[in-house]
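Close look at the chain arrangement
Residues per chain are reported as follows:
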Amino acid sequence: AYVVDQLQLSDLLHHMIAGGPTPVAPFSHATEVNGFVFLTGQMPTDPNDDQKPLPEGIEAQTRRVMDNLILILKGLDLTLADVVQCRIYLTEFQRDYAVMNETYVQYFHPGKLPARTTIGVTGLAVGALVDIDMVARRVGGSEGVGTIGVGGRWMPAFAGGTGKELSLMPVS
């Protein structure tokens, strides 16, 4: 039997955070829907002066990117503890992967790391060495997400759209 009935969906929100880094392209700092917050990948730019030179080296750039992401999370009343997934892009994968990992892991509680993918790329905006984006989940922000019982197992059920209800009926 299905257990989800009349699931209320939330509106798509677009966030620009006061005091956040100046975007290097046309995008929102984050978008939010159904309890999930999608943070745009950040560059290692100074949030107070985007004309300043980038920090030197992968360690300093990783710290600046993580600090910029924390500014955005904070502006949304979230923390790194709310992050469920990260994607990391490196222009010098072989050279920078180990040092980036050593720096990145310092930002999270031991044993509480988000899911992650790291990708080597040929270039990033503003000549950056690293770019990181994130997906966070707002605690209590489960609107639009439920579970379906199928064959004795439970699985998530997501509904798309705005302001609509979802009713699931058993199929015979």
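We now turn to the structure provided with this report. The model shown is predicted, which means the values in this text are computed figures rather than measured ones.

This paragraph deals with the packing of aromatic side chains. What the rule picks out here adds up to two aromatic pairs. Ring geometry for Phe-93 versus Tyr-97: centroids 4.8 Å apart, planes at 20°, classification stacked. In this pair, Phe-93 and Tyr-97 both sit in helix H2 (residues 93-105), four residues apart, roughly one turn of the helix. Classification of Phe-93 by relative accessible area gives partly exposed; the value is 26%. On the basis of an interplanar angle of 50° and a centroid distance of 5.0 Å, the ring pair of Tyr-104 and Phe-108 is categorised as tilted. Each of the two residues, Tyr-104 as well as Phe-108, counts as buried. Between Arg-116 and the ring centre of Tyr-104, over which it is positioned, the NZ or CZ distance is 4.8 Å. Over the ring of Phe-36 we find Arg-137, and its NZ or CZ is 5.9 Å from the ring centre.

Where strands meet in a sheet, backbone hydrogen bonds hold them as pairs that are either parallel or antiparallel. The mixed open sheet is built from six strands, whose spatial order is E2-E3-E4-E7-E5-E6. Here the strands that pair on one side only, and so sit at the sheet edges, are strand E2 (13-15) and strand E6 (115-120). This sheet shows a mean twist of 15° between the axes of neighbouring strands, independent of strand direction. The pairing of E2 with strand E3 (residues 30-33) spans three bridges and is classified as antiparallel. From the neighbouring strand, Leu-13 faces E3, where its bridge partner is Glu-32. Relative to strand E7 (residues 130-137), helix H1 (residues 57-75) is tilted by about 30°, and along the sheet it contacts strand E4 (36-42), strand E5 (83-90) and E7.

Moving on, we come to the nonpolar core. If you look at the biggest cluster of nonpolar residues, it comprises 26 residues, and the most contacted ones within it are Leu-39, Met-66, Leu-73, Leu-80, Phe-108, Ile-132 and Met-134. The set of elements that each furnish at least two residues to this core consists of E4, H1, E5, H2 and E7. The greatest single-element share of this core, amounting to six residues, is contributed by H1. When neighbours within four sequence positions are excluded, Leu-39 is seen to be in contact with His-29, Ala-30, Leu-69, Ile-72, Leu-73, Asp-133 and Met-134.

The rules behind these values
Residues numbered from 1 in each chain as written. Predicted model: local features only at pLDDT ≥ 70, side-chain atom pairs only at ≥ 80, totals over all residues. Heavy atoms only, no water. Phe/Tyr/Trp six-rings, centres within 6.5 Å; stacked < 30°, edge-to-face > 60°. Helix = DSSP H or I, 4+ residues; strand = E, 2+ residues; numbered from the N terminus. Buried < 20%, exposed > 50% of the residue type's maximum accessible area, 1.4 Å probe, protein only. Lys NZ or Arg CZ within 6 Å of the ring centre and 35° of its normal. Pairing = 2+ DSSP bridges. Axes fitted to C-alpha atoms, helices over the stretch in contact; angles between N-to-C directions. Contact = heavy atoms within 4.5 Å. Core = buried A, V, L, I, M, F, W, Y, C linked by side-chain atoms within 4.5 Å.

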